[in-house]
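Chains, contacts and geometry: an overview
Below are the chains, spelled out letter by letter.
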Amino acid sequence: MARILAIDYGTKRTGIAVTDTLQIIASGLTTVNTGELLQFLQDYTSTEQVELFLVGEPKQMDNSASESEKHILSFIESLKETCPTIPIKRVDERFTSKMAFQTMIDSGLKKNQRKNKGLIDEISATLILQSYLYSK
């Protein structure tokens, strides 16, 4: 079985999480500078089987699209060209950043470590992936 890869897209940094090959466990993979994201995904998919990309869908409380949605839609179009054989699904990512920060507190990370925005992005991607796995 192939992996599922989740993307918490940001204009500066993007968090990435991935499942194991049995698609049971979601784990943070890394945080990538967004300018290098497509190359990273192309390199990753050339060495690992990925059956699905999950891309976070940020929404406002009234269910309308967030301001960052236009950047994400542009990224998705580029991703379709870079990895045309891998389908893309969107997953609601409301509150994942807040939940990621709380996860860091709950796991005992010191205040200095909690300032690592890249780690927050990676944990957010993991939460997006976990929510998808729970819904399957």
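Look a little higher up for the structure.
Residues numbered from 1 in each chain as written. Predicted model: local features only at pLDDT ≥ 70, side-chain atom pairs only at ≥ 80, totals over all residues. Heavy atoms only, no water.

**Considering the overall build of the protein chain**
Condition: Numbered from the N terminus, helices here are DSSP runs of H or I no shorter than four residues, and strands are runs of E no shorter than two. Relative accessibility decides the category of a residue: with a 1.4 Å probe and only protein chains considered, values under 20% of the type maximum give buried, values over 50% give exposed, and everything between is partly exposed. Working rule for contacts: check all heavy atoms of both residues, and any pair within 4.5 Å makes them a contact. What sets the accessible areas is the Shrake-Rupley method with a 1.4 Å probe; for residues, cover comes only from the shown protein chains.
Each helix and strand in the protein chain was counted, giving five helices and five strands. Start at the N end of the protein chain and walk to the C end: the helices and strands fall as β-β-β-α-β-α-β-α-α-α. In the protein chain, buried positions account for 40% of the 136 residues. If you take every contact in the protein chain between residues at least 6 apart in sequence, the share linking residues at least 24 apart comes to 61%. Within the structure as shown, the protein chain displays about 7,800 Å² of accessible surface, and the carbon and sulfur contribution to it stands at 51%.

**Structural notes on helix H1 (residues 37-47)**
Rules: Regarding the arc, it is the one traced by the directions from the helix axis to the C-beta atoms.
Those residues of H1 that sit buried are Leu37, Leu41 and Tyr44. One side of H1 carries all its buried residues, which in axial view fall inside an arc of 65 degrees. Residues of H1 that are exposed and angled more than 90 degrees away from the buried face: Ser46 and Thr47.

**Topic: unusual backbone geometry**
A positive phi angle, near 60 degrees, is found at Gln23, a position not held by glycine. Since its relative accessible area comes to 9%, Gln23 is described here as buried.

**Considering the side chain of Gln23**
Inspection of the secondary structure puts Gln23 in the loop between strand E2 (13-19) and strand E3 (26-33). Those residues in contact with Gln23 that sit more than four places away from it in its chain are Met1, Ala2, Arg3, Ile4, Glu51, Leu133 and Lys136.

**Points about the pattern of salt bridges**
Stated precisely, the cut-off is as follows: The salt bridge definition used is simple: a Lys or Arg side-chain nitrogen within 4 Å of an Asp or Glu carboxyl oxygen.
The full count for this structure, using the stated rule, is four salt bridges. Here Asp121 makes a salt bridge to Arg13, at a shortest N to O gap of 2.9 Å. Of this pair, Asp121 sits in helix H5 (residues 117-135) while Arg13 sits in strand E2, and the two are 108 residues apart along the sequence. Among the salt bridges present, the one from Glu77 reaches Lys80, with a minimum N-O distance of 3.5 Å. Within this pair, Glu77 and its partner Lys80 are both found in helix H2 (residues 69-82), separated by three residues, close to a single helical turn.

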